[in-house]
Amino acid sequence: MSIYELLLVGATVAPVFITPFTKVEESFTLHAVHDILTHGTSPAGLSLYDHQTFPGALPRSFIPSLILSAFAYPLAFLNSRFPFLTSLLSIQLLIRTTLALLTSFSLLFLARRAKSAFNKPIANLFLVFTFTQFHVLYYASRTLPNMLAFPFVQIALGLLIHPSTQRTTFTRKDPDTDRVEKKDGSLVSVLYAFGILTFVATVMRFEVVGFIIPLGLDALARKTVTFWGLAQLGVAVGVVSLGASILVDSYFWGTNVWPEGYSVLFNVVQGHSASWGVSPFYHYFLNLPRLLPTLPLALFACLIDRRARRLVYPSFGFILLLSCLKHKEWRFFVYAFPAFNVAAAAGGYGLGILYGKTLKRMALLSIVTLNVLLLALSLTASYHNYPGGAALSYLETIESSSTPLKIHLDAQTCMTGASLFTLSNTSPQPWYLPSSPSSPPSWSYSKSEDLVFPAEFAPFDYVVTGDPSARGYSGFEVVKSFGGFGGFKLVGGKRVDGEWPLKVLKREAVWVMKRK
């Protein structure tokens, strides 16, 4: 591996340890992996799964969680024989590191295909752009459904960016001569790419259909695939993927369900996604320069390199289709970020050829510096944004694991860092962690949202909450508060030596309260 590739791998793994906790959006996949590893997949084990108690607003597919569990299981098994991880939180870090590595390897595959399609300097520049930008780097290890789909999409893009020369063949009988003729059909690697994308759209994230459409039109225009070849592949892979999703997910959910189909019905057809916020049509295009400082170079590349246009035009088409939906989030089109960066790398390389190395160096230095600055600010904000996780870690430092405790966690705590992997000192310990027979864990947790009155909180020794003034907590006193990120503030005037000119503002967000 080159130094650039090593830096990409290291940069995707680093945020796992900088911000070890997770948010509520990541909880379904993370908890599903926890349950698969801890309880297995037998009918008896399913009754213990977290989604039986907290199903969420929509059913999600278990197939991505099964895939991630399959990669994490060997290390969990090794840990059960030769312990090197001793806490549940360390297992969470293991799972997130596994996802980060899968993501980084998919990006390395894309980079190597870009090297074949363009050249080595462009591939290296793509890697530099990628490991200095915040969003893909930080979310590479986040168990969001979008980021479980992300590696598959990058592999597909890699196959499309530099397709093989091998084509399928089909036969046609000439009605006049009765001769059977063989014709060149679709490029095999292109069919593989669209097969992967179809699987992802059917099982993981239906919005990927919005990427399939412009990529498919581009492939048809370039004649790298035939219409019938693409249609037949789409139907075949779609039917198999649909059957797999219904079969697997109906088993885990205990009812007949196609999660992505239900999601499209709920969010798009019935319009419930608007409940999470509505943005104007131009929202994505307005925010794209902030998300991708490399965008000017990608646009420049479209003027000088047709290979870059084959990446940028479908990506814009994808964003255009997503813009028709009322609810908008950048992670819906995160799959296109690397495509823009490959094009931007081609633009940076072309800048040097057309206008000289000086202008090229100035442009690249400016963009990379801006990338790093935004990365530093965003990582700083993220570091301070998990008060629920910090509160639970604090509890471990002030109480013995062998002291029987009952702890209640409210919704705010669960949304800002608490996960099944942060509920430590419970009994029995999972099979993949070393047991401690001398001091067996004896903590129990409640995440019930139905408790209101003081008498209902009487059984608890601690509550971790985002609202210490709630009337149910009259029998508790605050032990410590934990702040969440509240913004940045410029420090003017004279500063103490070593003080940064930019100060992080924190607001109290979660309180640890102990029974009086």
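Further up the page is the structure itself.
Residues numbered from 1 in each chain as written. Predicted model: local features only at pLDDT ≥ 70, side-chain atom pairs only at ≥ 80, totals over all residues. Heavy atoms only, no water.

Draft legend 1. Molecular detail of the pairing of strand S7 (residues 502–515). As judged from the 4 bridges shared by strand S5 (residues 462–465) and S7, these two strands associate in the antiparallel manner. Within S7, the position partnered with Tyr462 by the bridge is Lys514. Of the pairings in the sheet, the one linking strand S6 (residues 476–490) to S7 comprises 13 bridges and is antiparallel in character. Across the sheet, Gly483 pairs through a bridge with Glu508, a residue of S7. (Pairing = 2+ DSSP bridges. Helix = DSSP H or I, 4+ residues; strand = E, 2+ residues; numbered from the N terminus.)

Draft legend 2. Layout of helix H10 (residues 209–222). The end-to-end C-alpha distance of H10, which contains 14 residues, comes to 20 Å, matching closely the 20 Å that a straight helix rising 1.5 Å per residue would cover. Turning to H10, its buried residues are Gly210, Phe211, Ile212, Pro214, Leu215, Gly216, Asp218 and Ala219. One or two positions beyond H10, positive phi appears at Lys223, with a value near 60°. (Expected span 1.5 Å × (residues − 1). Buried < 20%, exposed > 50% of the residue type's maximum accessible area, 1.4 Å probe, protein only.)

Draft legend 3. Molecular detail of the pattern of salt bridges. By the definition in use, this model includes 8 salt bridges. Of the charged contacts in the structure, one is a salt bridge between Arg205 and Glu207, with a shortest N-O distance of 3.0 Å. For the pair shown, Arg205 and Glu207 are each scored as buried. (Salt bridge = Lys/Arg side-chain N within 4 Å of Asp/Glu carboxyl O.)

Draft legend 4. How the structure looks around the nonpolar core. Formed by 88 residues in total, the largest nonpolar core has its most connected members in Phe129, Phe194, Phe333, Tyr335 and Phe340. The next biggest cluster of nonpolar side chains, apart from the first, holds 19 residues, and it includes Ala391, Ala418, Val464 and Val510. (Core = buried A, V, L, I, M, F, W, Y, C linked by side-chain atoms within 4.5 Å.)

Draft legend 5. Here's a closer look at the side chain of Thr12. Residue placement: Thr12 occurs in helix H1 (residues 3–18). With a relative accessible area of 1%, Thr12 lands in the buried category. Here the side chain of Thr12 touches Val9 through a polar contact of 2.8 Å, landing on its backbone oxygen. Aside from chain neighbours lying at most four places away, what touches Thr12 is Ala100, Ser104, Leu137, Ala140 and Ser141. (Polar contact = N/O pair within 3.5 Å; in protein donor to acceptor, adjacent residues only side chain to side chain. Contact = heavy atoms within 4.5 Å.)

Draft legend 6. Up close: the packing of aromatic side chains. Applying the stated rule across the entire model yields 30 aromatic pairs. The interplanar angle of 75° and the centroid separation of 5.4 Å between the aromatic rings of Phe227 and Trp228 together place this pair among those described as edge-to-face. Here Phe227 and Trp228 have matching classes, each one exposed. Pairing Phe316 with Phe340 gives two aromatic rings, centres 5.2 Å apart and planes at 75°, and the pair type is edge-to-face. Note that Phe316 is positioned in helix H15 (residues 306–322) and Phe340 in helix H16 (residues 337–355), a separation of 24 residues in sequence. Owing to a relative accessible area of 0%, Phe340 belongs among the buried residues under this scheme. An aromatic cluster of at least three residues, connected via ring pairs, comprises Phe134, Tyr138, Tyr139, Tyr284, Trp330, Phe333 and Phe337. The ring of Tyr386 carries Lys23 above its face, with NZ or CZ at 5.2 Å from the centroid. The lysine or arginine in question, Arg515, covers the ring of Phe476, its NZ or CZ lying 4.3 Å from the ring centre. (Phe/Tyr/Trp six-rings, centres within 6.5 Å; stacked < 30°, edge-to-face > 60°. Lys NZ or Arg CZ within 6 Å of the ring centre and 35° of its normal.)

Draft legend 7. Main features of the packing of helix H5 (residues 88–117) against helix H8 (residues 145–161). Direction vectors running N to C along H5 and H8 enclose 15°, while the axes themselves pass 8 Å from each other. Classified by the interaxial angle, the pair formed by H5 and H8 is roughly parallel. As for how H5 packs across H8, the hand of that crossing is left-handed. Residues Leu99, Leu102, Thr103, Ser106, Leu107, Phe109, Leu110, Arg113, Ala114 and Ala117 of H5 form the contact with H8, whose participating residues are Met147, Leu148, Phe150, Pro151, Gln154, Ile155, Leu157, Gly158, Leu159 and Ile161. When grouped by side-chain class, the residues that make up the contact of H5 with H8 number 15 nonpolar, 4 polar and 1 charged. (Axes fitted to C-alpha atoms, helices over the stretch in contact; angles between N-to-C directions. Parallel < 35°, antiparallel > 145°, perpendicular 65-115°, else oblique. Left-handed = near helix turned anticlockwise from the far one by under 90°. Nonpolar A, V, L, I, M, F, W, Y, C, P; charged D, E, K, R; others polar.)

Draft legend 8. View of the sheet that holds strand S4 (residues 443–446). Spatial strand order, S4-S3-S5-S7-S6: 5 strands in an open sheet with mixed pairing. Only two strands of the sheet have a single neighbouring strand rather than two, namely S4 and S6. Strand after strand, the sheet turns through a mean of 20° between neighbouring axes, direction not considered. Note that strand S3 (residues 405–409) and S4 share 4 bridges and pair parallel. If you follow Ile407 over to S4, its bridge partner there is Tyr445. The sheet strands contacting helix H17 (residues 357–383) are S6 and S7, and the helix crosses S6 at an angle near 165°. On top of the sheet, helix H18 (residues 387–398) reaches S3, S4, S5, S6 and S7; it is set at about 140° to S6, its chief contact.

Draft legend 9. View of helix H11 (residues 227–253). A rise of 1.5 Å per residue sets the reference length of H11, with its 27 residues, at 39 Å; its end C-alpha atoms lie 37 Å apart and thus fit the reference within 8%. Residues of H11 that are buried include every one of Gly229, Leu230, Leu233, Gly238, Ser241, Ser245, Asp249, Ser250, Phe252 and Trp253, and no others. Looking one or two residues beyond H11, the residue adopting positive phi is Gly254, at roughly 75°.

Draft legend 10. Structural context of the pairing of S3. A large share of S3 lies buried, amounting to 4 of its 5 residues. With 3 bridges connecting them, S3 and S5 associate as parallel partners. If you follow Leu409 over to S5, its bridge partner there is Val464.

Draft legend 11. Inspection of the packing of helix H14 (residues 295–304) against H15 at higher detail. Where H14 contacts H15, the axes come no closer than 7 Å and their chain directions differ by 125°. Between H14 and H15, the angle falls in the class oblique. Where H14 crosses over H15, the handedness of that crossing is left-handed. Residues Leu295, Ala298, Leu299, Ala301, Cys302, Leu303 and Ile304 of H14 form the contact with H15, whose participating residues are Arg306, Ala308, Arg309, Val312, Tyr313 and Phe316. Here the contact of H14 with H15 is built from residues that sort into 11 nonpolar, no polar and 2 charged.

Draft legend 12. Seen up close, unusual backbone geometry. Although it is not a glycine, Lys223 adopts a positive phi angle of roughly 60°. Within the secondary structure, Lys223 is located in the loop between H10 and H11. Of note, the phi angle at Asn425 is positive, near 60°, even though the residue is not glycine. Tracing the backbone through its elements, the reader meets Asn425 in the loop between helix H19 (411–415) and S4.

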